[in-house]
Amino acid sequence: MIEVKGLHKSFGKLQVLKGIDDYIAKGEVVVVIGPSGSGKSTYLRCINRMEEATSGQILVDGVDITDKNVEINQIRQKVGMVFQHFNLFPHMTVLENITLAPIQVKKMNPEEAKKVAYTLLDKVGLREKADEYPNKLSGGQKQRIAIARALAMNPEVMLFDEPTSALDPEMVKEVLEVIKDLAKEGMTMMIVTHEMGFAKEVGTRLVFMDEGKILEEGKPKEVFDNPREERTQIFLSKVL
Ligand code: ADP
Ligand code: MG
């Protein structure tokens, strides 16, 4: 589903990604962990071209998204993204947030888009919030709406960048449950998270990033129980 070849990314002189190679199969749930500043967010942002790769290739479903001729809208339809701080449009209702991109980008007719939105609101358990504005919602509710909004484009892949890091502890679970359901349905996902229990339960593969590279990877349980690299051991000893 996603093939990453020799991905490098620099900001000016700062080299952030220093050669990432990976292959994410359809239905995989890849959990990305690593120290702050190791390039996790930059990596995810390159995969939906919110950042442009400095060199290397990223094939999503066979399309090289680093190719400047590939339209950004084509990528955004394939790759959905959910952020730590939700990024809902504050001046739009929940329903408008969810239907905007399908109507504008996919040219879906508004009635159809609404239907899709209500189905997704049911999925995240928030149908009754359709006409509310984001500022009336809790953090956990906002994040569930952000997930519904990303799903409205019917993406092939979902990227999550620390989706629960900004939430009060009692709201973490409701968001993780939604992501877990997606995993069960076979959605291909990459998730940056510090929720190690979740990583172990839901991740089909764990990737440990350090200083802009994938230092170690494997089945989550195997990496947690038996980290090969010293830097992985040090990181895990701090978070587990
Ligand atoms: P992580 O998500 O693992 O904490 P990031 O990918 O956010 O790491 O950041 C990696 C490094 O890249 C950091 O040193 C950060 O300051 C730098 N960085 C990220 N985005 C930008 C940017 N837009 N401009 C300049 N430096 C950036
Ligand atoms: Mg980050």
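Look up a bit, the structure's there.
Residues numbered from 1 in each chain as written. Chains lettered and ligands numbered in written order. Predicted model: local features only at pLDDT ≥ 70, side-chain atom pairs only at ≥ 80, totals over all residues. Heavy atoms only, no water.

Overview of the side chain of R149
Step number 1: The residue R149 is located in helix α5 (residues 139-151) in this model.
Step number 2: Buried within the structure, R149 lacks any salt-bridge partner; its nearest side chain of opposite charge belongs to E96, at an N-O separation of 11 Å.
Step number 3: At 3.3 Å, the side chain of R149 forms a polar contact with the backbone oxygen of F86.
Step number 4: Apart from the residues within four sequence positions on either side, R149 is in contact with F86, N87, L88, F89, N97 and I98. (Helix = DSSP H or I, 4+ residues; strand = E, 2+ residues; numbered from the N terminus. Buried < 20%, exposed > 50% of the residue type's maximum accessible area, 1.4 Å probe, protein only. Lys, Arg positive; Asp, Glu negative; His and termini not counted. Salt bridge = Lys/Arg side-chain N within 4 Å of Asp/Glu carboxyl O. Polar contact = N/O pair within 3.5 Å; in protein donor to acceptor, adjacent residues only side chain to side chain. Contact = heavy atoms within 4.5 Å.)

Quick notes on helix α4 (residues 110-123)
Step number 1: Over its 14 residues, α4 extends 20 Å from the first C-alpha to the last, a length consistent with the 20 Å expected when each residue adds 1.5 Å.
Step number 2: Inspection of α4 places A113, A117, L120 and L121 among the buried residues, and these make up the whole buried set. In an axial view of α4, the angular spread of the buried residues amounts to 105 degrees, which keeps them on one side of the axis. Residues of α4 that are exposed and point over 90 degrees away from its buried face: E111, K115 and T119.
Step number 3: At its buried positions, α4 is contacted by α3 (94-104) and α5. (Expected span 1.5 Å × (residues − 1). Arc of directions from axis to C-beta.)

Structural notes on the environment of L100
Step number 1: Tracing the chain through its elements places L100 in helix α3.
Step number 2: Here the alpha-carbon distance between L100 and D21, two residues 79 residues apart in the chain, equals 34 Å.
Step number 3: Discounting chain neighbours no more than four positions away, the residues touching L100 are F89, M92 and V105.

Topic: the site of ligand 1
Step number 1: Around ligand 1, the neighbouring residues are F11, L14, V16, P35, S36, G37, S38, G39, K40, S41 and T42.
Step number 2: Between ligand 1 and the protein, one listed contact pairs an oxygen atom with a backbone N or O atom of S38 at 3.2 Å.
Step number 3: G39 is positioned with one of its backbone polar atoms (N or O) 3.0 Å from an oxygen atom of ligand 1.
Step number 4: Taken by itself ligand 1 offers 560 Å² of open surface, and the protein chains cover 59% of this.
Step number 5: The set of elements that each furnish at least two residues to the shell around ligand 1 consists of β2 (14-24) and α1 (40-47).
Step number 6: Broken down by element, the shell around ligand 1 gets its largest block of residues, three residues, from α1.
Step number 7: The residue makeup of the shell around ligand 1, split by class, is four nonpolar, six polar and one charged. (Near = heavy atom within 4 Å. Areas by Shrake-Rupley, 256 points an atom, 1.4 Å probe, with all protein chains shown as cover. Nonpolar A, V, L, I, M, F, W, Y, C, P; charged D, E, K, R; others polar.)

Points about the sheet that holds β2
Step number 1: What the four strands build is an open sheet, ordered β2-β1-β4-β5; its pairing is antiparallel. Among the strands making up the open sheet, the edge pair consists of β2 and β5 (63-64).
Step number 2: Bridge analysis of strand β1 (residues 2-11) against β2 gives eight bridges, and the strand direction is antiparallel. Each residue of the ladder has a partner; that of S10, found in β2, is Q15. (Pairing = 2+ DSSP bridges.)

Examining unusual backbone geometry
Step number 1: Even without being a glycine, R49 presents a positive backbone phi close to 55 degrees.
Step number 2: Here R49 lies in the loop between α1 and β4 (55-60).
Step number 3: Residue class for R49 comes out buried when judged on its relative accessible area of 17%.
Step number 4: Even without a glycine there, the phi angle at N154 is positive, about 55 degrees.
Step number 5: Looking at the secondary structure, you find N154 in the loop between α5 and β7 (157-161).

Remember that the coordinates give geometry; whether it matters functionally is a separate question.
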